[in-house]
Amino acid sequence: MTLTSFMFYFFEIVAALSAVALALSRNVFYGALLLIVCLLALAGIYVLAFAEFIAVTQILIYAGGILVVIIFGIMLTTKISEKPLAVEHTYLLSGILAAGGCFGLLIYVLSKEYFLTTGVQQLPSSPVNGIQTIGVSMFSKYVLPFEVAGILLLISLVGASVVASTIKSKKE
Amino acid sequence: MFPVEHFLFLAALLFSVGLLIIITKRNTIMVLLGIELLLNASNLNLVAFNQLWPASVDGQMFVLFVIIVAVCEAAVGLAIVLQVYQYYQTSVTDSISELKE
(Lines give C-alpha, C1' and ligand atoms only; values in the text may rest on other atoms or scores of the structure.)
Protein backbone atom coordinates (compact mmCIF):
# COMPACT_ATOMS: atom_id res chain seq x y z
CA MET A 1 0.00 0.00 0.00
CA THR A 2 1.55 3.22 -1.10
CA LEU A 3 1.52 6.37 0.92
CA THR A 4 -1.05 7.98 -1.35
CA SER A 5 -3.61 5.22 -0.99
CA PHE A 6 -2.94 5.04 2.76
CA MET A 7 -3.72 8.75 3.05
CA PHE A 8 -6.80 8.39 0.87
CA TYR A 9 -8.32 5.66 3.03
CA PHE A 10 -7.20 7.44 6.19
CA PHE A 11 -9.07 10.57 5.12
CA GLU A 12 -12.11 8.52 4.13
CA ILE A 13 -12.21 6.81 7.53
CA VAL A 14 -11.78 10.12 9.35
CA ALA A 15 -14.60 11.72 7.35
CA ALA A 16 -16.94 8.77 7.91
CA LEU A 17 -16.21 8.50 11.64
CA SER A 18 -16.62 12.21 12.27
CA ALA A 19 -19.91 12.25 10.37
CA VAL A 20 -21.24 9.33 12.43
CA ALA A 21 -20.03 10.97 15.63
CA LEU A 22 -21.83 14.16 14.55
CA ALA A 23 -25.05 12.17 14.31
CA LEU A 24 -24.50 10.71 17.77
CA SER A 25 -23.35 13.89 19.48
CA ARG A 26 -25.74 15.69 21.78
CA ASN A 27 -23.71 18.87 22.08
CA VAL A 28 -24.09 21.54 19.39
CA PHE A 29 -20.59 22.92 19.86
CA TYR A 30 -18.96 19.48 19.61
CA GLY A 31 -21.12 18.94 16.54
CA ALA A 32 -19.69 22.03 14.86
CA LEU A 33 -16.12 20.93 15.68
CA LEU A 34 -16.80 17.44 14.32
CA LEU A 35 -18.14 19.00 11.14
CA ILE A 36 -14.86 20.94 10.78
CA VAL A 37 -12.93 17.65 11.07
CA CYS A 38 -15.17 16.06 8.43
CA LEU A 39 -14.76 18.99 6.03
CA LEU A 40 -10.97 19.05 6.41
CA ALA A 41 -10.80 15.31 5.71
CA LEU A 42 -12.92 15.89 2.61
CA ALA A 43 -10.47 18.59 1.53
CA GLY A 44 -7.68 16.01 1.80
CA ILE A 45 -9.69 13.64 -0.38
CA TYR A 46 -10.17 16.40 -2.95
CA VAL A 47 -6.41 16.94 -3.12
CA LEU A 48 -5.90 13.25 -3.80
CA ALA A 49 -8.61 13.36 -6.48
CA PHE A 50 -6.71 16.03 -8.46
CA ALA A 51 -9.00 18.88 -7.39
CA GLU A 52 -6.56 21.15 -5.58
CA PHE A 53 -8.47 24.37 -6.14
CA ILE A 54 -11.62 22.79 -4.72
CA ALA A 55 -9.67 21.62 -1.70
CA VAL A 56 -8.34 25.10 -0.97
CA THR A 57 -11.80 26.58 -1.49
CA GLN A 58 -13.25 23.98 0.86
CA ILE A 59 -10.79 24.87 3.59
CA LEU A 60 -11.15 28.63 3.13
CA ILE A 61 -14.91 28.86 2.79
CA TYR A 62 -16.26 25.92 4.74
CA ALA A 63 -13.78 25.53 7.57
CA GLY A 64 -12.92 29.21 7.67
CA GLY A 65 -16.19 30.90 6.85
CA ILE A 66 -19.30 28.83 7.34
CA LEU A 67 -18.13 27.17 10.52
CA VAL A 68 -17.21 30.51 12.09
CA VAL A 69 -20.69 31.78 11.25
CA ILE A 70 -22.24 28.63 12.70
CA ILE A 71 -20.22 28.92 15.91
CA PHE A 72 -21.33 32.55 16.22
CA GLY A 73 -24.88 31.32 15.81
CA ILE A 74 -24.39 28.72 18.52
CA MET A 75 -23.00 31.31 20.90
CA LEU A 76 -25.86 33.72 20.23
CA THR A 77 -28.70 31.22 20.50
CA THR A 78 -27.85 29.20 23.57
CA LYS A 79 -28.83 30.05 27.07
CA ILE A 80 -25.88 30.44 29.37
CA SER A 81 -27.71 28.87 32.31
CA GLU A 82 -29.29 25.41 32.69
CA LYS A 83 -27.84 22.88 30.26
CA PRO A 84 -27.08 25.24 27.41
CA LEU A 85 -25.90 23.08 24.57
CA ALA A 86 -27.69 19.77 24.94
CA VAL A 87 -29.79 18.58 22.02
CA GLU A 88 -32.52 16.02 22.33
CA HIS A 89 -33.32 13.43 19.71
CA THR A 90 -36.83 12.91 18.43
CA TYR A 91 -38.36 10.77 15.71
CA LEU A 92 -35.49 8.37 16.29
CA LEU A 93 -37.18 5.35 14.73
CA SER A 94 -38.36 7.10 11.60
CA GLY A 95 -35.03 8.85 11.21
CA ILE A 96 -33.07 5.62 11.44
CA LEU A 97 -35.51 3.94 9.06
CA ALA A 98 -35.24 6.72 6.48
CA ALA A 99 -31.48 7.12 6.71
CA GLY A 100 -30.81 3.38 6.84
CA GLY A 101 -33.13 2.76 3.93
CA CYS A 102 -31.47 5.50 1.91
CA PHE A 103 -28.01 4.18 2.75
CA GLY A 104 -28.92 0.59 1.94
CA LEU A 105 -30.51 1.55 -1.35
CA LEU A 106 -27.54 3.68 -2.39
CA ILE A 107 -25.02 0.99 -1.47
CA TYR A 108 -27.08 -1.66 -3.29
CA VAL A 109 -27.34 0.42 -6.46
CA LEU A 110 -23.69 1.50 -6.37
CA SER A 111 -22.42 -2.03 -5.87
CA LYS A 112 -24.57 -3.27 -8.76
CA GLU A 113 -23.53 -0.45 -11.03
CA TYR A 114 -20.36 -0.58 -13.06
CA PHE A 115 -18.61 2.69 -13.75
CA LEU A 116 -16.15 2.94 -16.58
CA THR A 117 -12.75 3.27 -15.00
CA THR A 118 -10.53 1.62 -17.58
CA GLY A 119 -11.84 2.75 -20.95
CA VAL A 120 -11.71 6.45 -20.31
CA GLN A 121 -8.60 8.44 -20.90
CA GLN A 122 -5.94 8.18 -18.26
CA LEU A 123 -4.14 11.11 -16.83
CA PRO A 124 -1.78 12.60 -19.37
CA SER A 125 1.89 12.14 -18.71
CA SER A 126 2.58 15.82 -18.25
CA PRO A 127 0.38 17.08 -15.43
CA VAL A 128 -2.42 19.38 -16.46
CA ASN A 129 -2.44 22.68 -14.67
CA GLY A 130 -5.85 22.30 -13.11
CA ILE A 131 -6.04 25.73 -11.55
CA GLN A 132 -5.22 27.40 -14.84
CA THR A 133 -7.94 25.37 -16.55
CA ILE A 134 -10.43 26.37 -13.87
CA GLY A 135 -9.52 30.04 -14.16
CA VAL A 136 -9.80 30.06 -17.94
CA SER A 137 -13.12 28.24 -17.98
CA MET A 138 -14.50 30.37 -15.17
CA PHE A 139 -14.09 33.47 -17.31
CA SER A 140 -15.02 31.95 -20.65
CA LYS A 141 -17.49 29.10 -20.50
CA TYR A 142 -18.91 29.77 -17.05
CA VAL A 143 -18.83 33.55 -16.99
CA LEU A 144 -22.60 33.96 -16.79
CA PRO A 145 -23.06 31.57 -13.83
CA PHE A 146 -20.06 33.24 -12.20
CA GLU A 147 -21.65 36.68 -12.40
CA VAL A 148 -25.02 35.35 -11.29
CA ALA A 149 -23.31 33.75 -8.31
CA GLY A 150 -21.79 37.10 -7.44
CA ILE A 151 -25.21 38.75 -7.53
CA LEU A 152 -26.63 35.90 -5.42
CA LEU A 153 -23.90 36.42 -2.83
CA LEU A 154 -24.60 40.15 -2.71
CA ILE A 155 -28.35 39.60 -2.31
CA SER A 156 -27.91 37.02 0.42
CA LEU A 157 -25.41 39.25 2.25
CA VAL A 158 -27.81 42.19 2.24
CA GLY A 159 -30.73 39.94 3.14
CA ALA A 160 -28.91 38.28 6.01
CA SER A 161 -27.83 41.59 7.51
CA VAL A 162 -31.35 42.99 7.18
CA VAL A 163 -32.95 39.90 8.72
CA ALA A 164 -30.46 39.65 11.55
CA SER A 165 -30.39 43.32 12.49
CA THR A 166 -32.21 44.22 15.66
CA ILE A 167 -32.50 47.91 14.89
CA LYS A 168 -36.06 48.78 14.04
CA SER A 169 -36.66 50.93 11.01
CA LYS A 170 -37.28 54.58 11.71
CA LYS A 171 -40.69 54.60 10.11
CA GLU A 172 -43.09 56.78 11.99
CA MET B 1 -6.37 7.13 -9.47
CA PHE B 2 -8.59 5.59 -6.85
CA PRO B 3 -11.68 3.57 -7.79
CA VAL B 4 -14.67 5.83 -8.06
CA GLU B 5 -16.82 3.45 -6.00
CA HIS B 6 -14.87 4.28 -2.86
CA PHE B 7 -15.73 7.94 -3.26
CA LEU B 8 -19.36 7.05 -3.88
CA PHE B 9 -19.65 4.81 -0.82
CA LEU B 10 -18.34 7.60 1.40
CA ALA B 11 -20.71 10.08 -0.25
CA ALA B 12 -23.64 7.69 0.33
CA LEU B 13 -22.68 7.43 3.99
CA LEU B 14 -22.41 11.20 4.37
CA PHE B 15 -25.78 11.71 2.68
CA SER B 16 -27.51 9.18 4.93
CA VAL B 17 -25.95 10.61 8.07
CA GLY B 18 -27.02 14.11 7.02
CA LEU B 19 -30.57 12.87 6.49
CA LEU B 20 -30.52 11.21 9.92
CA ILE B 21 -29.31 14.44 11.54
CA ILE B 22 -31.99 16.53 9.82
CA ILE B 23 -34.76 14.18 10.96
CA THR B 24 -33.70 13.44 14.51
CA LYS B 25 -32.02 16.52 15.95
CA ARG B 26 -34.20 19.02 17.75
CA ASN B 27 -31.92 22.03 17.34
CA THR B 28 -32.06 24.27 14.29
CA ILE B 29 -28.31 24.71 14.13
CA MET B 30 -27.81 20.94 14.14
CA VAL B 31 -30.25 20.74 11.22
CA LEU B 32 -28.09 23.30 9.38
CA LEU B 33 -25.03 21.13 10.03
CA GLY B 34 -26.91 18.19 8.53
CA ILE B 35 -27.67 20.22 5.41
CA GLU B 36 -23.97 21.04 5.06
CA LEU B 37 -23.23 17.31 5.18
CA LEU B 38 -25.73 16.65 2.39
CA LEU B 39 -24.14 19.33 0.21
CA ASN B 40 -20.69 17.90 0.84
CA ALA B 41 -21.84 14.44 -0.18
CA SER B 42 -22.96 15.84 -3.52
CA ASN B 43 -19.66 17.72 -3.89
CA LEU B 44 -17.73 14.51 -3.30
CA ASN B 45 -19.71 12.78 -6.05
CA LEU B 46 -19.00 15.62 -8.48
CA VAL B 47 -15.27 15.57 -7.76
CA ALA B 48 -15.17 11.78 -8.07
CA PHE B 49 -16.76 11.78 -11.50
CA ASN B 50 -14.65 14.72 -12.63
CA GLN B 51 -11.63 12.57 -11.83
CA LEU B 52 -12.68 10.12 -14.53
CA TRP B 53 -12.36 12.79 -17.20
CA PRO B 54 -9.56 15.06 -16.08
CA ALA B 55 -9.34 17.08 -19.29
CA SER B 56 -12.43 19.09 -18.42
CA VAL B 57 -13.25 20.80 -15.15
CA ASP B 58 -17.05 20.84 -15.39
CA GLY B 59 -17.51 18.88 -12.18
CA GLN B 60 -15.18 21.12 -10.26
CA MET B 61 -17.01 24.21 -11.48
CA PHE B 62 -20.26 22.70 -10.25
CA VAL B 63 -18.63 22.13 -6.87
CA LEU B 64 -17.63 25.78 -6.73
CA PHE B 65 -21.18 26.92 -7.40
CA VAL B 66 -22.55 24.47 -4.83
CA ILE B 67 -20.14 25.94 -2.26
CA ILE B 68 -21.30 29.47 -3.13
CA VAL B 69 -24.95 28.51 -2.66
CA ALA B 70 -24.04 26.79 0.62
CA VAL B 71 -22.49 30.02 1.87
CA CYS B 72 -25.67 31.96 1.04
CA GLU B 73 -27.81 29.29 2.69
CA ALA B 74 -25.76 29.30 5.88
CA ALA B 75 -25.76 33.09 6.18
CA VAL B 76 -29.48 33.57 5.58
CA GLY B 77 -30.40 30.48 7.62
CA LEU B 78 -28.44 31.62 10.64
CA ALA B 79 -29.89 35.12 10.39
CA ILE B 80 -33.39 33.62 10.46
CA VAL B 81 -32.41 31.39 13.40
CA LEU B 82 -31.19 34.44 15.32
CA GLN B 83 -34.43 36.35 14.76
CA VAL B 84 -36.56 33.35 15.65
CA TYR B 85 -34.51 32.82 18.79
CA GLN B 86 -35.01 36.41 19.85
CA TYR B 87 -38.75 36.06 19.39
CA TYR B 88 -39.38 32.58 20.80
CA GLN B 89 -36.37 32.30 23.14
CA THR B 90 -35.74 28.79 21.83
CA SER B 91 -34.02 27.12 18.93
CA VAL B 92 -35.96 23.86 19.17
CA THR B 93 -37.57 23.23 15.82
CA ASP B 94 -40.80 21.65 16.99
CA SER B 95 -41.84 24.52 19.23
CA ILE B 96 -41.52 27.03 16.39
CA SER B 97 -44.78 26.47 14.58
CA GLU B 98 -45.99 29.94 13.68
CA LEU B 99 -44.57 32.47 11.28
CA LYS B 100 -46.32 35.42 12.92
CA GLU B 101 -47.91 36.06 16.25
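Residues numbered from 1 in each chain as written. Chains lettered and ligands numbered in written order. Predicted model: local features only at pLDDT ≥ 70, side-chain atom pairs only at ≥ 80, totals over all residues. Heavy atoms only, no water.

Some details on the interface of chain B and chain A
Under the convention used in this document: Should any heavy atoms of two residues lie within 4.5 Å, those residues are considered in contact. Summed over both partners, buried area is the accessible surface (1.4 Å probe) that two parts give up on being assembled. Salt-bridge detection follows one rule: a side-chain nitrogen of Lys or Arg within 4 Å of a carboxyl oxygen of Asp or Glu. Here a strand is any run of E in DSSP of at least two residues, a helix any run of H or I of at least four, and the numbering for each starts at the N terminus. Residue polarity is assigned by list, with Asp, Glu, Lys and Arg as charged and Ala, Val, Leu, Ile, Met, Phe, Trp, Tyr, Cys and Pro as nonpolar; anything else, Gly included, falls into the polar class.
Facing the 67 residues of chain B at the interface are 84 residues of chain A. Roughly 6,800 Å² is buried in total at the junction of chain B and chain A, and carbon and sulfur atoms are behind 78% of that figure. Taken together, the links from chain B to chain A amount to 1 salt bridge. Note that D58 of chain B and K141 of chain A form a salt bridge whose closest N and O atoms lie 3.3 Å from each other. Going through the elements one at a time, α1 (4–24), α2 (28–51) and α3 (58–88) of chain B are the ones with two or more residues in the side of chain B that touches chain A. Here the side of chain B that touches chain A takes 23 residues from α3 of chain B, the largest share from any one element. Classifying every residue of the side of chain B that touches chain A gives 49 nonpolar, 12 polar and 6 charged.

Let's talk about the packing of helix α6 (residues 143–164) of chain A against α3 of chain B
Formally: To get an axis, a line is fitted to the C-alpha atoms, and for a helix only the part in contact is used. The angle between two axes follows their N-to-C directions and goes from 0 to 180 degrees. Angle categories are assigned with fixed cut-offs, so that under 35 degrees is roughly parallel, over 145 is roughly antiparallel, 65 to 115 is roughly perpendicular, and the rest are oblique.
At their nearest, the axes of α6 of chain A and α3 of chain B sit 9 Å apart, and the two run at 10° to each other. Classed by the angle they form, the pair α6 of chain A and α3 of chain B counts as roughly parallel. Residues P145, F146, A149, L152, L153, S156, A160, V163 and A164 of chain A of α6 of chain A touch α3 of chain B, and the partners they reach there are F65, I68, V69, V71, C72, A75, V76, A79, I80 and Q83 of chain B. When the residues that make up the contact of α6 of chain A with α3 of chain B are grouped by side-chain class, the tally is 17 nonpolar, 2 polar and no charged.

Thoughts on the environment of N40 of chain B
Quick reminder of the rule: Partly exposed describes any residue whose relative accessible area lies between the buried limit of under 20% and the exposed limit of over 50%, with all areas from a 1.4 Å probe on protein chains only and scaled to the type maximum. The term polar contact refers here to a pair of N or O atoms within 3.5 Å; inside protein, the definition further demands a hydrogen-donor-capable atom paired with an acceptor-capable atom, and it admits residues adjacent in sequence only when both atoms are side-chain atoms.
On the secondary structure map, N40 of chain B appears in helix α2. By relative accessible area, N40 of chain B is classed as buried at 0%. When the C-alpha atoms of N40 of chain B and A70 of chain B are compared, they prove to be 9.5 Å apart, with 30 residues separating the residues in sequence. Apart from the residues lying within four places of it in its own chain, the contact partners of N40 of chain B are L39, L42, Y46, Q58 and Y62 of chain A. Side-chain polar atoms of N40 of chain B contact the side chain of Q58 of chain A, separated by 3.1 Å.

Remarks on α2 of chain B
Note the cut-off: Under the convention used throughout, the expected extent of a helix is 1.5 Å for every residue step, that is, one less than its residue count.
A rise of 1.5 Å per residue sets the reference length of α2 of chain B, with its 24 residues, at 34 Å; its end C-alpha atoms lie 35 Å apart and thus fit the reference within 8%. For α2 of chain B, the capping residue at the N-terminal end is N27 of chain B, with a side-chain oxygen 2.9 Å from the backbone nitrogen of I29 of chain B.

Thoughts on the state of the cysteines
Residues and elements named next belong to chain A. The line we're drawing: Two cysteine sulfurs form what is called a disulfide whenever their separation falls within 2.5 Å.
In the structure shown here, the tally under the stated rule is 0 disulfides over all chains. In this model C38 remains outside any disulfide bridge; the closest cysteine sulfur is found in C102, 16 Å from its own. Overall, the relative accessible area of 19% leaves C102 in the buried class.

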